Amino acid sequence: MNEGRTFLKLAEVSALIPVIGPPLSGFLIGRETSDFTQALKYVAFSLPFSALGALFLYLGIPTIQKYLYAILIYSLATPFIISFMITTFYNKVELTYDEDTLEIRLWLKNIDPSFDPNTLFKMALDMALRKIRNPYYKSKIKTVMECPPLRVRVNQDGIVMRKNCNGIVVEATVVNDKAKIKVSIPY
């Protein structure tokens, strides 16, 4: 994950480049983190660089000095918008209702194969909690984190993580750089 941190620092510094830096920064951060809530803190770190790049552009070209507010809004809003678009493109959350279970399936891309299974499991569970609106199911899923430890099994296809807690079964399968998580809650 150290390579990812270096990559994110590069994205923050790229925000310093006027005009193309802020969207590039938002793209790189959104692609690396794959989760908008996680991307928000890195985008917030890149905002001073974006503002500084806008200031360089403002001071460097005298003919555009009357557009200070437009330049600042562009430099500060673009990383948020682009990273939101990228993270929504890369993540897919789907709710399915069966006769006896509720299934939440998440497809996460850009998962590092050396990713800590507990961190991946917690991230997937947080994404599932954001998708569910029913307070009953939300409280049931929150109890899963307090249950016994995660069972991890490695096979030819990838890594399978499973947690069973009071009838709630959470299973995550990581293959190459994609993860598929299934949460089954009995009615």
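Predicted, not measured: the structure shown is a model, and the values here were computed from it. All residue numbers refer to positions counted from 1 along the written sequence of the respective chain. Local features in a predicted model are, by the rule used here, given only for residues with pLDDT of at least 70; side-chain atom pairs are given and counted only at 80 or more, and totals for whole chains, interfaces and linings are based on all residues. Calculated side-chain values reflect all of the structure's heavy atoms, with hydrogen atoms and water omitted.

Turning to the overall build of the protein chain, a few remarks are in order. Runs of H or I in DSSP of at least four residues are treated as helices and runs of E of at least two as strands, each being numbered from the N terminus. Secondary structure summary: the protein chain contains six helices and six strands in total. Seen in sequence order, the protein chain has helices and strands lined up from the N terminus as α-α-α-α-β-β-α-α-β-β-β-β. Only protein chains enter the accessibility calculation, which uses a 1.4 Å probe; a residue whose area is less than 20% of its type maximum is buried, one above 50% is exposed, and one in between is partly exposed. In the protein chain, which comprises 187 residues, the proportion classed as buried is 39%. The contacts of the protein chain with a sequence gap of at least 6 include a subset with a gap of at least 24, amounting to 53%. By the convention used here, residues are in contact when the closest approach between their heavy atoms is within 4.5 Å.

The next point concerns the pairing of strand β3 (residues 151-154). Inspection of the sheet shows β3 paired to strand β4 (residues 159-165) by four bridges, in the antiparallel sense. In the sheet register, Arg153 faces β4, and the bridge partner there is Val160. One bridge is not enough; two strands pair if DSSP finds at least two bridges between them. Counted along the chain from β3 to the antiparallel partner β4, the turn is four residues long.

Moving on, we get to a nonpolar patch on the surface. Among the surface-exposed residues, Ile17, Val19, Ile20 and Tyr74 lie close enough to one another that they form a single nonpolar patch of about 360 Å² accessible area. Structurally, the position occupied by Val19 is in the loop between α1 (2-14) and α2 (21-33). Here, patches come from residues exposed beyond 30% relative accessible area and free of salt bridges, joined within 9 Å for like charges and within 5 Å for nonpolar side chains (Val, Leu, Ile, Met, Phe, Trp, Tyr). Note that accessible areas follow from Shrake-Rupley with a 1.4 Å probe, and for residues the cover is restricted to the protein chains shown. A pair is scored as a salt bridge if a Lys or Arg side-chain nitrogen falls within 4 Å of a carboxyl oxygen belonging to Asp or Glu.

For the structure shown, the criterion picks out one salt bridge. For Arg162, the salt bridge goes to Glu171, with nearest N and O atoms at 2.6 Å. You can call Arg162 partly exposed: its relative accessible area is 37%.

Attention shifts here to empty space enclosed by the protein. Here the term cavity refers to a set of points on a 1 Å grid, laid over the protein atoms alone, in which a 1.4 Å probe fits but cannot get out; the term pocket refers to an open set having protein on both sides within 12 Å along at least five of seven lines, with lining residues being those that place an atom within 4 Å of a point. Grid points are joined across faces, edges and corners, and a volume is the space filled by probe spheres set on the points. All told, the structure shown has two cavities of 30 Å³ or more when counted by the stated rule. Reported here for the second largest cavity is a volume of approximately 40 Å³. Elements represented by at least two residues in the lining of the second largest cavity include exactly α3 (36-60) and α4 (68-90). Looking at which element gives the most residues to the lining of the second largest cavity, the answer is α3, with four residues. Note that Gly is not counted as nonpolar here; it falls among the polar residues with everything else outside the nonpolar set of Ala, Val, Leu, Ile, Met, Phe, Trp, Tyr, Cys and Pro and the charged set of Asp, Glu, Lys and Arg. In terms of residue class, the lining of the second largest cavity is made up of nine nonpolar, three polar and no charged.

Of all hydrophobic cores here, the largest spans 25 residues; its most connected members are Ile141, Val144, Val170, Ile181 and Val183. Elements with a contribution of two residues or more to this core: β2 (101-108), α5 (117-131), α6 (135-142), β4, β5 (168-175) and β6 (178-186). Tallying contributions element by element places α5 first for this core, with eight residues. By nonpolar core is meant a set of buried Ala, Val, Leu, Ile, Met, Phe, Trp, Tyr and Cys residues that side-chain atoms within 4.5 Å join together.

Over its 15 residues, α5 extends 21 Å from the first C-alpha to the last, a length consistent with the 21 Å expected when each residue adds 1.5 Å. Those residues of α5 lying buried are Leu120, Phe121, Met123, Ala124, Leu125, Met127, Ala128 and Leu129. Here a helix's expected span is defined as the number of its residues, less one, multiplied by 1.5 Å.

Pairs of cysteine sulfur atoms within 2.5 Å are identified as disulfides in what follows. For the structure shown, the criterion picks out one disulfide. With its sulfur 1.5 Å from that of its partner, Cys147 forms a disulfide with Cys165. With Cys147 in the loop between α6 and β3 and Cys165 in strand β4, the pair connects residues that are 18 residues apart, well separated along the chain. Summarising the burial analysis for this pair, Cys147 and Cys165 share the class buried.

The next point concerns the packing of α2 against α3. For every element, the axis is a line fit to its C-alpha atoms; helices are fit only across the contacting stretch, and the angle between N-to-C directions ranges from 0 to 180 degrees. For the pair α2 and α3, interaxial distance at closest approach is 10 Å and the crossing angle is 160°. In terms of axis orientation, α2 runs roughly antiparallel to α3. Of the two elements, α2 crosses α3, and the hand of that crossing is right-handed. Packed against α2, whose contacting residues are Pro22, Ser25, Ile29 and Thr33, the element α3 presents Gln38, Ala39, Tyr42, Val43, Ser46 and Ser50 at the interface. Classifying every residue of the contact of α2 with α3 by side-chain character gives five nonpolar, five polar and no charged. Angle categories are assigned with fixed cut-offs, so that under 35 degrees is roughly parallel, over 145 is roughly antiparallel, 65 to 115 is roughly perpendicular, and the rest are oblique. Note on convention: the crossing is left-handed when the near helix lies turned anticlockwise from the far helix by less than a right angle, right-handed when the turn is clockwise.

Turning next to the environment of Asn118. For Asn118, the position within the fold is in helix α5. Taking C-alpha positions, Asn118 is 7.2 Å from Leu150, a pair spaced 32 residues apart along the chain.

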